[in-house]
Amino acid sequence: RAEPATPEGAAAIAKTYAAYVSQAALDKGIVTVTPEGEDYVVAWDLPKALAALEAPAGVVKTAPFVYRITPTLNGGWLVRANALPDVTVGPTGEGGRERGGVAFDGFRLDGLYDPAASDFFLGKLGLKGLKLDVTAKSGGELQHFALTQSATAGDLRIRAGAEPDSVDVRANQSALAAEQK
């Protein structure tokens, strides 16, 4: 049984995140870590990230990406998420006709962060359905692009990169069906 999550534990986890994404991401509330029961809830707020980059307000709409982590005995974390927020962009461009969105159905992430391992993050991903629908200007004309996928599964491995302050990401993915228009 895990120990109860504490504010001190949340601060220690936030310090680890700061090493990867910068202290500014935590200071601006882009990434937050809060204790809840035996777990820590981590939230990534994309609209706050875009505001920090001085992007136009209200163009991208989405909820925070939220997942739970449970500390392990060796200083690592078990990672679990069961939702990925939908994202809409627009309307933008002339007459507000450029827009897009992506919807995720049945997202699941199970992972392990182990700071002592060469592949310090290992994850399994699943997605029942993906719908992407975008209308954007290309070559001076509006173009429509739509993609649907079903039963997507994959794995993710992250390790320190060859260059300082870099990471190497390896991902494999398969889908039962995909259709593009």
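Before reading on, note that the structure itself is shown above.
A brief report on the enclosed structure follows. Not measured: the values here are computed from a predicted model. In every chain, residue numbers begin from 1 and rise along the written sequence. For a predicted model such as this one, the threshold for reporting local features is a pLDDT of at least 70, and the threshold for listing and counting side-chain atom pairs is 80 or more; totals across whole chains, interfaces and linings nevertheless cover every residue. By convention in this description, side-chain values take in all heavy atoms of the structure and omit both hydrogens and water.

1. Some points on a nonpolar patch on the surface
Part 1 of the argument: Only residues above 30% relative accessible area that lack a salt bridge enter a patch, with like-charged residues linked at up to 9 Å and the nonpolar side chains Val, Leu, Ile, Met, Phe, Trp and Tyr linked at up to 5 Å. Shrake-Rupley sampling with a 1.4 Å probe provides the accessible areas, and residues are treated as covered by the protein chains on show and by no other component. Salt bridge, as used here, is a side-chain nitrogen of Lys or Arg placed within 4 Å of a carboxyl oxygen of Asp or Glu. On the surface, a nonpolar cluster with roughly 340 Å² of combined accessible area is contributed by Tyr 20, Val 21, Val 167 and Val 169.
Part 2 of the argument: Within the secondary structure, Val 167 sits in strand 11 (residues 167–180).
Part 3 of the argument: When accessible area is computed with a 1.4 Å probe and restricted to protein chains, residues below 20% of their type maximum are described as buried, those above 50% as exposed, and intermediate ones as partly exposed. You can call Val 167 partly exposed: its relative accessible area is 42%. Where helices and strands are cited, they refer to DSSP runs of H or I of at least four residues and of E of at least two residues respectively, numbered from the N terminus.

2. Some remarks on the nonpolar core
Part 1 of the argument: Counting residues in hydrophobic clusters, the biggest one holds 31 residues, and the most contacted among them are Tyr 17, Tyr 67 and Ile 69.
Part 2 of the argument: Take this core: its biggest share by element is 5 residues, from helix 1 (residues 7–21).
Part 3 of the argument: Between two residues, a contact is recorded if the distance between any of their heavy atoms is within 4.5 Å. Residues within four places of Tyr 17 in sequence aside, it is in contact with Ser 22, Leu 26, Val 31, Val 42, Trp 44, Tyr 67 and Trp 77. Among buried residues, the Ala, Val, Leu, Ile, Met, Phe, Trp, Tyr and Cys ones that are joined through side-chain atoms within 4.5 Å form a nonpolar core.

3. Brief notes about helix 1
Part 1 of the argument: Working rule for helices: expected span equals 1.5 Å times residues minus one. For helix 1, spanning 15 residues, the distance from its first C-alpha to its last is 20 Å, which sits close to the expected 21 Å at 1.5 Å a residue.
Part 2 of the argument: For helix 1, the complete set of buried residues consists of Gly 9, Ala 10, Ile 13, Ala 14, Tyr 17 and Ala 18.
Part 3 of the argument: In the segment just after helix 1, Ser 22 is the residue with positive phi, at about 100 degrees.

4. Quick notes on the pairing of strand 2 (residues 39–44)
Part 1 of the argument: Of all 6 residues making up strand 2, 5 are buried, and the element is well covered by its neighbours.
Part 2 of the argument: If DSSP finds at least two bridges between two strands, the strands pair. Strand direction decides the pairing type here: strand 1 (residues 31–36) and strand 2, joined by 6 bridges, are antiparallel. Bridge pairing in strand 2 links Thr 32 to Ala 43.
Part 3 of the argument: Here strand 1 folds back onto strand 2 in antiparallel fashion, the turn holding 2 residues, of which Gly 37 has a positive phi close to 65 degrees.

5. Here's the deal with the pattern of salt bridges
Part 1 of the argument: On inspection of all chains with the given rule, the structure shows 7 salt bridges.
Part 2 of the argument: Arg 157 serves as the salt-bridge partner of Asp 119, at 2.9 Å between the closest nitrogen and oxygen. Remark: Arg 157 occurs in strand 10 (residues 141–160) and Asp 119 occurs in strand 9 (residues 119–138); sequence separation between them is 38 residues.
Part 3 of the argument: With a relative accessible area of 11%, Asp 119 lands in the buried category.

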